[in-house]
Amino acid sequence: QVQLVESGGGLVQAGGSLRLSCAASGSIFSINTMGWFRQAPGKQRELVAVMTRNGTANVADSVKGRYTLSRDNAKNTISLQINSLKLEDTGVYYCNAVIRGGGGNYWGQGTQVTVSS
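Residues numbered from 1 in each chain as written. Predicted model: local features only at pLDDT ≥ 70, side-chain atom pairs only at ≥ 80, totals over all residues. Heavy atoms only, no water.

Asker: I would appreciate a short explanation of the pairing of strand E1 (residues 2-7) in the present structure.
Answerer: Consecutive side chains along a regular strand alternate between the two faces of the sheet. Residue alternation in E1 divides its side chains into a buried set, Val2, Leu4 and Glu6, and an unburied set, Gln3, Val5 and Ser7. Where E1 lies against strand E3 (residues 18-26), six bridges are found, and the strand directions are antiparallel. Opposite Val2, over in E3, you have Gly26 as the bridge partner. (Buried < 20%, exposed > 50% of the residue type's maximum accessible area, 1.4 Å probe, protein only. Helix = DSSP H or I, 4+ residues; strand = E, 2+ residues; numbered from the N terminus. Pairing = 2+ DSSP bridges.)

Asker: Whenever I open this one, empty space enclosed by the protein confuses me. Can you help?
Answerer: Taking a probe equal in size to a water molecule and rolling it over the atoms shows the remaining empty space. Going through the model one piece at a time under the given rule, you end up with one cavity of 30 Å³ or more. Within this model, the largest cavity holds a volume of roughly 50 Å³. Listing elements by their share of the lining of the largest cavity, those giving two or more residues are strand E4 (31-39) and strand E7 (67-72). Grouping the amino acids of the lining of the largest cavity by side-chain chemistry returns four nonpolar, three polar and three charged. (1 Å grid on protein atoms, 1.4 Å probe; cavity = no way out; pocket = protein on both sides within 12 Å on 5 of 7 lines; lining within 4 Å. Points joined across faces, edges and corners; volume = space filled by probe spheres on them. Nonpolar A, V, L, I, M, F, W, Y, C, P; charged D, E, K, R; others polar.)

Asker: What am I meant to see in the side chain of Arg71 here?
Answerer: Mapped onto the fold, Arg71 is located in strand E7. The side chain of Arg71 is buried and forms no salt bridge, while Asp72, the nearest opposite charge, is found at 8.3 Å. In this structure the side chain of Arg71 is engaged in a polar contact, spanning 2.8 Å, whose partner is the backbone oxygen of Met51. Polar side-chain contacts of Arg71 include one of 2.8 Å to the side chain of Asn73. For Arg71, the residues in contact, after removing those within four places along its chain, are Ile31, Asn32, Thr33, Met34, Met51, Thr52, Arg53, Thr77 and Ile78. (Lys, Arg positive; Asp, Glu negative; His and termini not counted. Salt bridge = Lys/Arg side-chain N within 4 Å of Asp/Glu carboxyl O. Polar contact = N/O pair within 3.5 Å; in protein donor to acceptor, adjacent residues only side chain to side chain. Contact = heavy atoms within 4.5 Å.)

What follows is the structure, encoded as structure tokens:
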């Protein structure tokens, strides 16, 4: 079992910055990929950025240049720095962890990011 706890969401003005963090606990050595997904109002959950344990990252084209993903395997955390926030960044951001060898995946409870004009 893996538990994921997110932090860092909130209400931010357009053009501002925000940093989301996710801490994993439990069977952390079984985790391969960690990352972030976003669900905007009325839309499906979508991949934002993920990173494997060895540091290979996959970032959605729509956020490249503004979103920076970082992972600390020693602390079992993954963070998402969001700069130049836009209204369309609004949504619930979910931390995700994928277990090695097809062991399934886990989700955090989600953290709300709201960008105001």
